[in-house]
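Working through the structure, step by step
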Amino acid sequence: MKARFLGIPELTDVPDVAVVVDVMRAYTVAAWAFARGAERVVLAESLDEALALKARHPEWMTLKDGPPAPGFDLVNSPALLRNTDLSGRTVVQKTTAGTVGALAVKDASLVLCASFVVAEATVAVLRARASREVTFVVTGGSGRAEEDLACAEYIAGRAHGDIIDADPYLRRAAASRSAAELTQGVRAGSAPEDVSLCLELDRFPFAMAASVEDSLMVLRQVTPAGSPPA
Ligand SMILES: O=C(O)[C@H](CS(=O)(=O)O)OP(=O)(O)O
Ligand SMILES: [Mg+2]
């Protein structure tokens, strides 16, 4: 398996298989949403689209990064989300990097959204797919966010079949600028436990695949043994 690692601005073609990585925090948060019972996560193009979807479907739960805002039910924090019961809910998520990265590759035949908490399940889906090339979208810092790059490289190595010590990758993520900002409380809508929750390797047994459904980009859980959506 050939792996290429690209930032969102570097995406110039439509990949066959894309793994969109956002460790801090979009795809750690999405995984927690599924763990708390969410049925699906709609990746919104804009805050206005998220608010319009909420107006049409008042029972849907809207989530954005940054500070709490009118019309939004949740913030992009695993620590603040993990005690929320989302059973059967649709969550609409809009963030600065993670959701933008998935929408940038929405025409790929397989789009997986990943972070450390779903790393091995993501690896299993990639191995089952046996693609010749996988494009890792490193969403943070125009492709240079160390937490996303470390996670992407770890998943790529494992998908290639390598036996890898995860600790150096987790240490890189722990030393990232994002981790520092979250630890220092610089980012609004965060909690002190966010960083440690983002570094819980393989916390969940499922992967997450996004595909277009009725013109919306919808993220769903996929089990490694099953087939991801076509
Ligand atoms: O919520 C986050 O941590 C970030 C927002 S920013 O990097 O602070 O602007 O969003 P994400 O898309 O989850 O990286
Ligand atoms: Mg991020």
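On a predicted model such as this, the values are computed, not experimentally measured, just so you know. (Residues numbered from 1 in each chain as written. Chains lettered and ligands numbered in written order. Predicted model: local features only at pLDDT ≥ 70, side-chain atom pairs only at ≥ 80, totals over all residues. Heavy atoms only, no water.)

Averaged over the protein chain, the pLDDT score is 96; the fraction of residues at 70 or greater is 98%. Across the assembled chains, the prediction reports ipTM 0.92 with pTM 0.96. (pLDDT = per-residue confidence, 0-100.)

Quick look at the nonpolar core now. Judged by nonpolar contacts, the single largest core of 77 residues is most densely connected at Y27, F116, L126, F136, I155, M208 and L219. Ranked by size, the runner-up nonpolar core spans nine residues in total, among them V42, A44, F72 and V218. (Core = buried A, V, L, I, M, F, W, Y, C linked by side-chain atoms within 4.5 Å. Buried < 20%, exposed > 50% of the residue type's maximum accessible area, 1.4 Å probe, protein only.)

So, on to the site of ligand 1. Close contacts around ligand 1 come from D22, M24, R25, A26, D65, N76, T95, T96, A97, G98 and R187, and that covers them all. Here D22 contributes a side-chain N or O atom positioned 2.8 Å from an oxygen atom of ligand 1. Contact between ligand 1 and M24: an oxygen atom at 3.1 Å from a main-chain N or O atom of the residue. The cavity where ligand 1 resides is the largest pocket. In terms of residue class, the shell around ligand 1 is built from three nonpolar, four polar and four charged. (Near = heavy atom within 4 Å. Polar contact = N/O pair within 3.5 Å; in protein donor to acceptor, adjacent residues only side chain to side chain. 1 Å grid on protein atoms, 1.4 Å probe; cavity = no way out; pocket = protein on both sides within 12 Å on 5 of 7 lines; lining within 4 Å. Sits in = over half its atoms within 2 Å of the grid points. Nonpolar A, V, L, I, M, F, W, Y, C, P; charged D, E, K, R; others polar.)

Pairing is mixed in the open sheet, where ten strands are placed in the order β1-β8-β2-β7-β9-β10-β3-β6-β4-β5. The open sheet has two free edges, formed respectively by β1 (2-6) and β5 (74-75), since each of these has just one partner strand. The sheet contact formed by strand β3 (residues 40-43) and strand β6 (residues 90-94) spans four bridges and is parallel. Its bridge partner being in β6, V41 is matched across the sheet by V91. (Pairing = 2+ DSSP bridges. Helix = DSSP H or I, 4+ residues; strand = E, 2+ residues; numbered from the N terminus.)

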